[in-house]
Each structure stands twice: as structure tokens, then as C-alpha cells.
Amino acid sequence: MKKFKSKVCPTCGCSLVRLGIKDTSATKSTYKDESYSFCCSGCAKIFDKNPSKYIEEIKNVIVCPVCLAEKNIAHTTGVKYKNTVIPFCRCPHCISTFEEKPEYYLDRLMGKIEYEGLFNNLCC
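Residues numbered from 1 in each chain as written. Predicted model: local features only at pLDDT ≥ 70, side-chain atom pairs only at ≥ 80, totals over all residues. Heavy atoms only, no water.

Trainee: Can you tell me about helix H5 (residues 102-109), naming the residues and giving the values?
Mentor: Since one α-helical turn is 3.6 residues long, residues separated by three or four positions face the same way. Here H5 has its buried residues at Pro 102, Tyr 105, Leu 106, Arg 108 and Leu 109. An end-on view of H5 places all buried positions within 160 degrees of arc, on one side of the element. Looking at the packing, one finds that the buried side of H5 touches helix H1 (16-19), strand S3 (61-63), strand S5 (77-81), strand S6 (84-88) and helix H4 (92-100). Of the residues one or two after H5, Gly 111 is the one with positive phi, at around 80 degrees. (Buried < 20%, exposed > 50% of the residue type's maximum accessible area, 1.4 Å probe, protein only. Helix = DSSP H or I, 4+ residues; strand = E, 2+ residues; numbered from the N terminus. Arc of directions from axis to C-beta. Contact = heavy atoms within 4.5 Å.)

Pasting the structure below:
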């Protein structure tokens, strides 16, 4: 079963895809041999003061493949696609839009498709 996971800033919980922050240009920090990506250097500095707190806070956060909204997994609707269940925000429009071009939305979610982002790479 394939996992579809989008990067979320551990400090503020924002989707890096939604903000248009590419993995190659994201600020990074390492904690316990794992690399984390951030929306800005300010969030990385905050994270570095108490990494375990922020990792715990985002452990159940997912990103809707269509609207790119960040949601707690408990507040989502799962839709089966191929051999996996993909969590969506509860909006029926997102699900019907996904069904029109599922591979496009999954590739965008994973950062494989160029996406300018909501703020065109401007962040705190």
C-alpha cells in the first residue's frame, strides 16, 4: 500500500506544498537523525528549542490533496483509491475534483508537480 504524505512545517503546521515551498529550498533541521522541512527559518529556530513538542503536535496532521488544507486525521473523510485510503477534508467538492484527475492531485501533494503556492513563495 502506497502512502501519500505531504510535508507539513512541524512548527506552524502549514502545508509546504500549499505555500509553494519546494523541498530543495525549504529550511531544514535534523532531530534524532530525521530531517524536517520548514516554511521559514523562524519556524526552524522555534522547532530547535523543543522538537519533540512540535513533532507530537503534527503527528496526526494530513493535507487534503485538492484544497491542500491541513487537517487532523480525525476530521477527514477517507476515500479509497487503488490500494489505499486517502484522507480528504470533508468537502465533497474536493473528492469529486480529485476523481477527475487523481494522479495530478497526488503528484502535486507529493511535490512532484511544480506548484506556485498560495502565497507565491512568500512566508514569514
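Trainee: Residues and numbers for the packing of aromatic side chains, please.
Mentor: Enumeration according to the criterion identifies 6 aromatic pairs in this entry. Taking 5.5 Å as the distance between ring centres and 80 degrees as the angle between the ring planes, the aromatic pair formed by Tyr 81 and Phe 98 counts as edge-to-face. With Tyr 81 in strand S5 and Phe 98 in helix H4, this pair connects stretches of sequence that are 17 residues apart. Here Tyr 81 and Phe 98 have matching classes, each one buried. (Phe/Tyr/Trp six-rings, centres within 6.5 Å; stacked < 30°, edge-to-face > 60°.)

Trainee: I'd love a proper account of the environment of Lys 59, names of residues and values included.
Mentor: You can see Lys 59 is positioned in the loop between helix H3 (51-58) and S3. Remark: the alpha-carbon pair of Lys 59 and Val 8, spanning 51 residues in sequence, is separated by 9.8 Å. Side-chain polar atoms of Lys 59 contact the side chain of Glu 56, separated by 2.9 Å. (Polar contact = N/O pair within 3.5 Å; in protein donor to acceptor, adjacent residues only side chain to side chain.)

Trainee: Talk me through the nonpolar core; I want residue IDs and the actual numbers.
Mentor: By size, the foremost hydrophobic cluster in this structure holds 14 residues, and its most contacted members are Cys 9, Leu 16, Ile 21, Phe 38, Cys 39 and Cys 43. Listed by contribution, the elements that provide at least two residues to this core are H1, strand S2 (34-38) and helix H2 (41-49). When residues in this core are grouped by element, the largest group, 3 residues, is from H2. Leaving out residues up to four positions away in the same chain, Cys 9 has contacts with Cys 14, Leu 16, Ser 37, Phe 38, Cys 39, Cys 43 and Ile 58. (Core = buried A, V, L, I, M, F, W, Y, C linked by side-chain atoms within 4.5 Å.)

Trainee: Go over the pattern of salt bridges with me, naming the residues and quoting the values.
Mentor: Inspection of the entire model under this criterion finds 5 salt bridges. Between Asp 23 and Lys 28 there is a salt bridge, with its nearest N and O atoms 2.6 Å apart. Glu 56 serves as the salt-bridge partner of Lys 59, at 2.9 Å between the closest nitrogen and oxygen. Within this structure, Lys 7, Asp 23 and Lys 28 form a network of salt bridges that share partners. (Salt bridge = Lys/Arg side-chain N within 4 Å of Asp/Glu carboxyl O.)

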